[in-house]
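One letter stands for each residue in the lines below.
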Amino acid sequence: MWEKASSFISIARWILFIYALLFILYPLAYLVVYVVSPRSISEIFYFLTSELFLSSLRNSLWVSLATTFLATLIGLPYAYFLHRYDIPLKRIVVPATFMPTMVPPFVGALSIIFLFGRFGTINLILLDLNIINRPINFIYGLHGVIFIQTLTLFPWIGINVYNSLLKMDRSLEEAAESLGATPFRRFTTVTLPSVVPGLLTGMFMVLSFAFTDYATPIVLGQYELLAPQAFLNIQQAIDETRVRMGTYMVFFMLLIVVALFLATKKYITLKEYAALRLQKPVEQVEARGMKKILICTFIYVSLLLSLMPHLFVFIISFSKAWSFTPFPTKWSLDNFATILENKTPFVNTAVYSLIGTLICFLIGSIGAYVITRSSHPLNTVIDSVLSMMFVVPGIVVGTSYLFAFQKTVPIVGMLGSTWLIMPLMLATRRITYTVRYSFATYLTIRKTLEEAAFSLGEKPLKAFLKIVMPNAIYGILAGVLFSFIEILNELTASLFLYKPGWETVTIQMFIQMTAGKFPVSSAYAVLLFLWSISFTAIAMNLANKIRA
Amino acid sequence: MVKVYADNVWKIFGKVVALRGVSLEVREGELITLLGPSGCGKTTLLRVISGLYIPSKGRVFFDSEDVTEKPPWKRNVGLVFQDYALWPNLTVFDNIAYGMKLRKVPKDKIQERVMRIASLLRIEDLLGRYPHQLSGGQQQRVALARAVIINPDVLLLDEPLSNLDAKVRVNVRTEIRKLQKELKITSIYVTHDQEEALVLSDRVAVMNEGLIDQIGSPMDIYYNPKTLFVADFVGQVNMLKGKVNNLQSNGMLEIETEVGAIQAMAVPEIRTGDDVYVVFRPENIEVFKSLPSKDYESTVLDGIVDAVQFLGNLMRIDIRVSSKTLRIELHNPVRRELFAPGDRVYIRLSAKNIRVLKSGE
């Protein structure tokens, strides 16, 4: 094939391979070797049988399974109703569903404390109305973690199922109807099976996130879960044994997530996830009367609940005085003035996200090109490894980078002691979006376009830049923007890796929150939320342009 | 003008052998067509010649230069694709001028040559448009202009007319041939359409299962098929299994077939007792309502009309003879007797219109 004669393809392939090896496989391998080194075997046994581990595991499993169950209970009908029925303001509802997925869930936890805390808005209103005489514990406990995560994560299931429904061939349902199937039978025998890939992808994302998220439980003071235990053991680094304990927990979580991924791999549709279709006209049924009221109520209430924490963050961020009243008694912009005094998190976020996004763009767009346009045994390795980052939890990435690039490791340790490791890690963690969007876009570009250029004397690199890029740019940019948004919002891995002076906006948010400075933290969250929404709007616009 | 020579070319994709030692010589300025069904290897051979594929074995020469390992961007070939492959981000002018800009041709020269080739192909009014604003036929003309403007050593056309509707196809194919003759470019044209191959080519190479079955002028391929595959693939054919009864002293063969004894011209390599196929074209059968006269060279058989199809310029009649159905085509049907299903008829075959092929060829 022509690509064998192309130095661009071969060089790019080797750069990609080295990148994947150094920044994905090496840190993970380091973690695995660290955990299974002979010295630790007895320690692992001790750890696996310790009461702390067993109770944390029980709690984590309970929280993540319950969250997934509840998120499915809301997300599945949410997507189905949204797809099937003529919902008023649908053009706003669909993109609004995305919003909660764009901001770290612990932001939700912050608002929920103000809303549902012992002396939060809801309890105070109920007390004022004499409906209750002592505050209800809505959130402190595992049920609080489940509550918040369900609210903030169910849109993942909603979006993925909705996307599957968009792709479903309507004639399949019509065939079932023509044979006399009732709506319920049609749903269970035709509709449901065809949304299984989207449903499982969404469920996997929710389960994996709920299982490995440590920020939300920490904000709610729930420490007896695997993720917060691991985080505290490693981050506080009180003694080596505790660090090792934390690492075993991280490794254990990785095993569970990978096992889950492999079990559902057949159905998990990363490629399709990358090709979200939102504006395709859907054949809608017009609901009437009571049915319409119930369906619309369900959609609006679910959406409102998922957005409420994010909206409430706005109120907190503008509050000056607020204690034992349902809403703030004094408003001001002081919190924004406070956060703007310290420019470091903003500068860091800008620098890291720009460098990280540039890496995503270069590695992701060229990587996807090499994979789609050439055949080589290394391609499968590169493709699998780049895509794997989609399933590796942040806590694992953070821990493995922390160890693999520590000062004591020769050569690469140098990298870990400079801030460059932050954008590198962020890019690697979020590159999947760029790779998948680029991949999907290149598949729509006929190979003959490049071949025609070759025959006229154009070399592959120039053909890529002059012919492929201009035609694929919208798709690539959409992926790059999603990578960028996810880099902006990354917390779970950066929190492990940062050193004083390297704080990003999300890290600063977390620090302020754990220090009890909720309004300041909210001000950061508001800015982050506004940026994310703006960039998402641009990315979706671009994604729609490719389809047009 | 260059001569192209593919010498014992093999191309293997995993477990699929696409080319099995093909050798092909294309003379200077000649247009040769690679004709065959899907999967016969014709596009693979074209791509090997273009440099998009490197053969698993064998060599490719342009004149005496071995270009086997040369990538496409170093070969100076013009490629025209079935899907046109026009760059959507460039105007028609920029599409056509692309190759010349690469060759650093001065701007005024580019302008002049684009205009010349555009007027030859009647697309001079479209130069400012984008590909999506053109019809299929216009797009393919632009693709052709883009490929020939660089004065390629070889012009390679991969089913360039397949996406066009019937009328446009006829127009564009005439233009391709006109342009190729005018510019005298050595050209290889891939198609599965036998009519296209017969109309366009100096020579036709019929491919089957990764090999060239026969190569020759269009008339040679049509009238003297060397294999059953070629006979069957190019045009329509009636084919009867038979055994040579005897080789007569008058140079005739008597062959016993499923429909009775048939007289054919003797063929040097065929002897009495050989298993053979008797092959004849539908337009070479005469049909009568009453018993026709017969000489030593001809065979007369009787049958019943099975079906009659009127196709405008011809009438197609299926006639059941013994257990076999023979297809007959009558041109200019207005002047012929009309036949209806169920009619008893006689058919006459002349030995000079019959090809005898050995079983297994």
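As the structure is a prediction and not an experimental result, all values here were calculated from the model.

(A) Local environment of the sheet that holds strand β17 (residues 314-321) of chain B. All names here are of chain B. The strand order across the open sheet formed by five strands is β15-β19-β16-β17-β18, and the pairing between neighbours is antiparallel. Pairing within the sheet leaves two strands with one partner each, and these edge strands are β15 (285-288) and β18 (324-331). Direction aside, neighbouring strands of the sheet carry axes that sit 40° apart on average. With seven bridges connecting them, strand β16 (residues 298-310) and strand β19 (residues 344-350) associate as antiparallel partners. Its bridge partner being in β19, G303 is matched across the sheet by V345.

(B) Looking closely at the interface of chain B and chain A. The interface of chain B with chain A comprises 22 residues on the first partner and 18 residues on the second. Elements with a contribution of two residues or more to the side of chain B that touches chain A: β6 (77-80) and α2 (92-102) of chain B. Looking at the side of chain B that touches chain A residue by residue, the class counts come to 15 nonpolar, five polar and two charged.

(C) Highlighting the pairing of strand β1 (residues 4-13) of chain B. Residue and element names in this part refer to chain B. Bridge analysis of β1 against strand β4 (residues 57-62) gives five bridges, and the strand direction is antiparallel. Each bridged residue has a counterpart across the sheet, and for A6 the counterpart in β4 is V60. Hairpin connection of β1 to strand β2 (residues 16-26): two residues between the antiparallel strands, including G14 at a positive phi of 55°.

(D) Summary view of the confidence of the model for chain A. Per-residue pLDDT for chain A averages 85, and the proportion of residues at 70 or more is 95%. Note on residues 271-282 of chain A: pLDDT is under 50 here. Beyond four places in sequence and across chains, it has 25 contacts.

(E) Examining the sheet that holds β4 of chain B more closely. Residues and elements named next belong to chain B. Spatial strand order, β2-β1-β4-β5: four strands in an open sheet with antiparallel pairing. What marks the edges here is a single partner per strand, and that holds for β2 and β5 (65-66). Lying on the sheet, helix α1 (residues 42-50) is in contact with β1, β2 and β4; it crosses β1 at an angle near 115°.

(F) Here's a closer look at the packing of helix α20 (residues 421-444) of chain A against helix α22 (residues 460-488) of chain A. All names here are of chain A. At a minimum axis distance of 8 Å, the contact between α20 and α22 shows a crossing angle of 160°. By the criterion of interaxial angle, the relationship of α20 to α22 is roughly antiparallel. In this structure, α20 meets α22 at a crossing whose hand is right-handed. Contacts between α20 and α22 involve L426, R430, I431, Y433, T434, R436, Y437, S438, A440, T441 and Y442 from the first element and A472, G475, I476, A478, G479, V480, F482, S483, E486 and I487 from the second. Classifying every residue of the contact of α20 with α22 by side-chain character gives 12 nonpolar, six polar and three charged.

The rules we used
- Residues numbered from 1 in each chain as written.
- Chains lettered and ligands numbered in written order.
- Predicted model: local features only at pLDDT ≥ 70, side-chain atom pairs only at ≥ 80, totals over all residues.
- Pairing = 2+ DSSP bridges.
- Helix = DSSP H or I, 4+ residues; strand = E, 2+ residues; numbered from the N terminus.
- Axes fitted to C-alpha atoms, helices over the stretch in contact; angles between N-to-C directions.
- Contact = placed C-beta atoms within 7 Å.
- Nonpolar A, V, L, I, M, F, W, Y, C, P; charged D, E, K, R; others polar.
- pLDDT = per-residue confidence, 0-100.
- Parallel < 35°, antiparallel > 145°, perpendicular 65-115°, else oblique.
- Left-handed = near helix turned anticlockwise from the far one by under 90°.

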